[in-house]
Amino acid sequence: MTVYESIETRKSIRDFEKRPVEPEKLQRILEAGRLAPTARCSNATRFIVVDDPDLMKKVQEACMGQALMGKAPMAVIVCSDSTRVMGCDQRASTVDCSIAMSFMMLAATAEGLGTCWIGGFTQEPLKEALGIPAEYDVVALTPLGYPAEEGRPRDRKPLEELVYKNGWKR
Ligand SMILES: Cc1cc2nc3c(=O)[nH]c(=O)nc-3n(C[C@H](O)[C@H](O)[C@H](O)COP(=O)(O)O)c2cc1C
């Protein structure tokens, strides 16, 4: 699968088969996250793989009980040192983790696996459940597993509405 095919076919998946993800597939997905760029090449991004059923329940609770988190066999949580702010006023952790998560989601699609970016979670209960140090922020997480649904129809504005040339709304 080309990267374009992966971008085209990826959809948020919220229902999963029970069967576990093969370790070699997980490894390749994590490798995609590892290879993602980080600001100043800090390598500060950390990936927490959760497949322990009791811990998955705690992760689901921290995700406001979202049902999809109870259906996936595992989850990948992406976090980074939150103290680094770039010259553009953006937190490096937010950007670094978002790139890594995007790379992993595309890799997961290429592996025939489903993901769903989860931003609906509460920071402190999740950090406590996973033992994440205070200076780290969880930026995003995703359930990971074989899809048991196709995902919703895509809802995107046409490119003409989104792209400006040589300035805002020009
Ligand atoms: C930053 C961010 C946070 C999101 N948080 C959640 C979430 O907490 N729960 C959920 O079910 N979907 C969540 N989503 C998935 C979006 O609803 C989904 O990406 C969007 O509807 C587009 O659908 P698609 O991913 O199938 O293209 C999130 C997506 C993003 C990018």
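Note that the coordinates shown come from a computational prediction; the quantities given were computed from them, not determined experimentally. (Residues numbered from 1 in each chain as written. Predicted model: local features only at pLDDT ≥ 70, side-chain atom pairs only at ≥ 80, totals over all residues. Heavy atoms only, no water.)

A. Structural view of the side chain of Thr 38. Along the chain, Thr 38 turns up in the loop between α2 (23–34) and β1 (46–50). In terms of polar contacts, Thr 38 uses its side chain to reach the backbone amide nitrogen of Asn 43, at 3.1 Å. (Helix = DSSP H or I, 4+ residues; strand = E, 2+ residues; numbered from the N terminus. Polar contact = N/O pair within 3.5 Å; in protein donor to acceptor, adjacent residues only side chain to side chain.)

B. How the structure looks around the site of the ligand. Every residue lining the ligand is accounted for by Arg 10, Lys 11, Ser 12, Arg 14, Gln 66, Cys 116, Trp 117, Ile 118, Gly 119, Gly 120 and Arg 156. At 2.9 Å from an oxygen atom of the ligand is found a side-chain nitrogen or oxygen belonging to Arg 10. Residue Gly 119 places a main-chain N or O atom 3.0 Å away from a nitrogen atom belonging to the ligand. Protein contacts shield 60% of the accessible area of the ligand, which totals 620 Å² for the unbound molecule. Split into classes, the residues belonging to the shell around the ligand amount to three nonpolar, four polar and four charged. (Near = heavy atom within 4 Å. Areas by Shrake-Rupley, 256 points an atom, 1.4 Å probe, with all protein chains shown as cover. Nonpolar A, V, L, I, M, F, W, Y, C, P; charged D, E, K, R; others polar.)

C. Geometry of the pattern of salt bridges. This model, assessed by the stated rule, comprises six salt bridges. The residue Glu 8 makes a salt bridge to Arg 154 at a minimum N-O spacing of 3.8 Å. Here the residue Glu 8 occupies a position in helix α1 (residues 3–9), and Arg 154 occupies one in the loop between β3 (136–144) and α7 (159–162), the gap between them amounting to 146 residues. Here Glu 8 falls in the exposed class, since its relative accessible area comes to 56%. Overall, Arg 154 belongs to the partly exposed group, its relative accessible area being 36%. Its salt-bridge partner being Arg 34, residue Glu 31 comes within 2.7 Å of it at the nearest N-O pair. Linking Glu 31 with Arg 34, this pair stays in helix α2, spanning three residues, or about one helical turn. When its relative accessible area of 52% is taken as the criterion, Arg 34 is described as exposed. (Salt bridge = Lys/Arg side-chain N within 4 Å of Asp/Glu carboxyl O. Buried < 20%, exposed > 50% of the residue type's maximum accessible area, 1.4 Å probe, protein only.)

D. Region of interest: the environment of Gly 114. Position of Gly 114 relative to the elements: it lies in the loop between α5 (92–110) and α6 (123–130). Overall, the relative accessible area of 2% leaves Gly 114 in the buried class. C-alpha separation for the pair Gly 114 and Ala 148, spaced 34 residues apart in sequence, amounts to 8.7 Å. Discounting residues that sit within four places of it in the chain, Gly 114 has contacts with Ile 13, Phe 16, Pro 143, Leu 144, Gly 145 and Pro 147. (Contact = heavy atoms within 4.5 Å.)

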